[in-house]
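Coordinate inspection notes
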Amino acid sequence: MSKGSQVVHVAVGVIEDEQGRLFISRRASERHQGGKWEFPGGKVEQGESVQQALARELREECNIDVEQCAPLTVVEHRYADKAVRLDVWLVTRYRGQAKQLEGQEWRWVARHELEAYQFPDANIAILDCLRATQ
Ligand SMILES: Nc1nc2c([nH]c(=O)n2[C@H]2C[C@H](O)[C@@H](COP(=O)(O)OP(=O)(O)OP(=O)(O)O)O2)c(=O)[nH]1
Ligand SMILES: [Mg+2]
């Protein structure tokens, strides 16, 4: 196992539009958990707060500036090859037109449509949380 003892800290944004739909994108096939759907986000870099990482990742990946967000949940999960800590935020206000800037397939989906998509195992807890706060 490479880097087995290091937990990868990830800032994740559940972006909600005015109709209550959520932004999801598909991880590139060659990456960790490739081919599965995800909420946008990425690794928290050294010297960065989680909110700074969230803002940076959503600007880079989704073309938006976060204006309002609230913590949704924190998920710790150990995959066979990697352990992650997902710091998940609900983004309720943002500036700009959301779209995927890095070539990933993406779409807006209603909450009740989420179950039709395959997410990484760590996301089960996120989906449970979204169901509970609906
Ligand atoms: N963004 C995101 N990552 C997730 C989700 N669920 C989940 O298990 N992960 C995992 C997959 C990866 O191991 C890790 C995120 O890392 P990443 O590779 O996307 O990070 P990054 O965008 O900063 O990538 P990089 O540029 O540093 O290579 O978290 C999710 O819903 N969204
Ligand atoms: Mg990413």
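Please read all numbers here as calculations on a predicted model, not as lab measurements.

**Details of the overall build of the protein chain**
Along the protein chain, the regular secondary structure elements total 2 helices and 7 strands. Secondary structure elements of the protein chain, listed N to C terminal, follow the sequence β-β-β-β-α-β-β-β-α. In terms of overall dimensions, the protein chain is globule-like: its C-alpha atoms have a radius of gyration of 14 Å, near the 14 Å expected for 134 residues. Seen through its C-alpha atoms, the protein chain measures out along the principal axes to roughly 45 × 35 × 30 Å.

**A word on the UniProt feature "binding site: Mg(2+)" (unreviewed entry) in the protein chain**
Within this numbering scheme, the UniProt entry marks Gly41 and Glu61 as carrying the feature "binding site: Mg(2+)" (unreviewed entry). For the annotated residues, spread through 21 residues, the largest C-alpha to C-alpha distance comes to 7.6 Å, consistent with a single compact locus. Take Gly41: it is sitting in strand 4 (residues 41-43). Once residues within four sequence positions are removed from consideration, Gly41 is found in contact with Val10, Ala11, Val12, Gly13, Leu54 and Glu57. Structurally, the position occupied by Glu61 is in helix 1 (residues 50-62). Residue Glu61 is classed as buried on the basis of its 21 C-beta neighbours within 10 Å. Apart from the residues lying within four places of it in its own chain, the contact partners of Glu61 are Pro40, Gln100, Leu101 and Glu102.

**Overview of the site of ligand 1**
Glu38, Gly41, Gly42, Lys43 and Pro120 are the nearest of the 18 residues found near ligand 1. Those elements that provide at least two residues to the shell around ligand 1 are strand 1 (7-15), strand 4 and strand 6 (83-95). The residue makeup of the shell around ligand 1, split by class, is 9 nonpolar, 5 polar and 4 charged.

**Section: the UniProt feature "domain: Nudix hydrolase" (unreviewed entry) in the protein chain**
The UniProt feature table records "domain: Nudix hydrolase" (unreviewed entry) at residues 5-132. Helix makes up 18% of residues 5-132 and strand makes up 39%, while its end C-alpha atoms are separated by 32 Å.

**A look at the environment of Tyr117**
As for its placement among the helices and strands, Tyr117 is situated in the loop between strand 7 (106-109) and helix 2 (123-132). Contacts of Tyr117, omitting those with residues within four sequence positions, involve Ile24 and Trp37.

**Overview of the sheet that holds strand 7**
Paired through their backbone hydrogen bonds, the strands of a sheet run either parallel or antiparallel. With antiparallel pairing, the 3 strands of this open sheet are ordered in space as 3-2-7. Since the sheet does not close on itself, it has two edges, and those belong to strand 3 (37-38) and strand 7, each with one partner. Here strand 2 (residues 22-26) runs beside strand 3; their pairing, made up of 2 bridges, is antiparallel. By the bridge assignment, Arg26 is partnered in strand 3 with Trp37.

**A word on the nonpolar core**
Most often, soluble globular proteins keep nonpolar side chains buried together rather than apart. Ranked by internal contacts, the top residues of the largest apolar core, which has 30 residues, are Val14, Ile15, Leu54, Leu58, Val66, Val88 and Val91. Elements represented by at least two residues in this core include exactly strand 1, strand 2, helix 1, strand 5 (65-78), strand 6 and helix 2. Not counting residues up to four positions away in its chain, the partners in contact with Val66 are Leu54, Ala55, Leu58, Val91 and Tyr94.

Rules used throughout
Residues numbered from 1 in each chain as written. Chains lettered and ligands numbered in written order. Predicted model: local features only at pLDDT ≥ 70, side-chain atom pairs only at ≥ 80, totals over all residues. Helix = DSSP H or I, 4+ residues; strand = E, 2+ residues; numbered from the N terminus. Rg over C-alpha atoms; globule rule 2.2 N^0.38 Å. UniProt positions renumbered as here; feature names shortened; annotations may be inferred. Contact = placed C-beta atoms within 7 Å. Buried ≥ 20, exposed ≤ 12 C-beta atoms within 10 Å, placed from the backbone. Near = placed C-beta within 6 Å. Nonpolar A, V, L, I, M, F, W, Y, C, P; charged D, E, K, R; others polar. Pairing = 2+ DSSP bridges. Core = buried A, V, L, I, M, F, W, Y, C linked by C-beta atoms within 7 Å.

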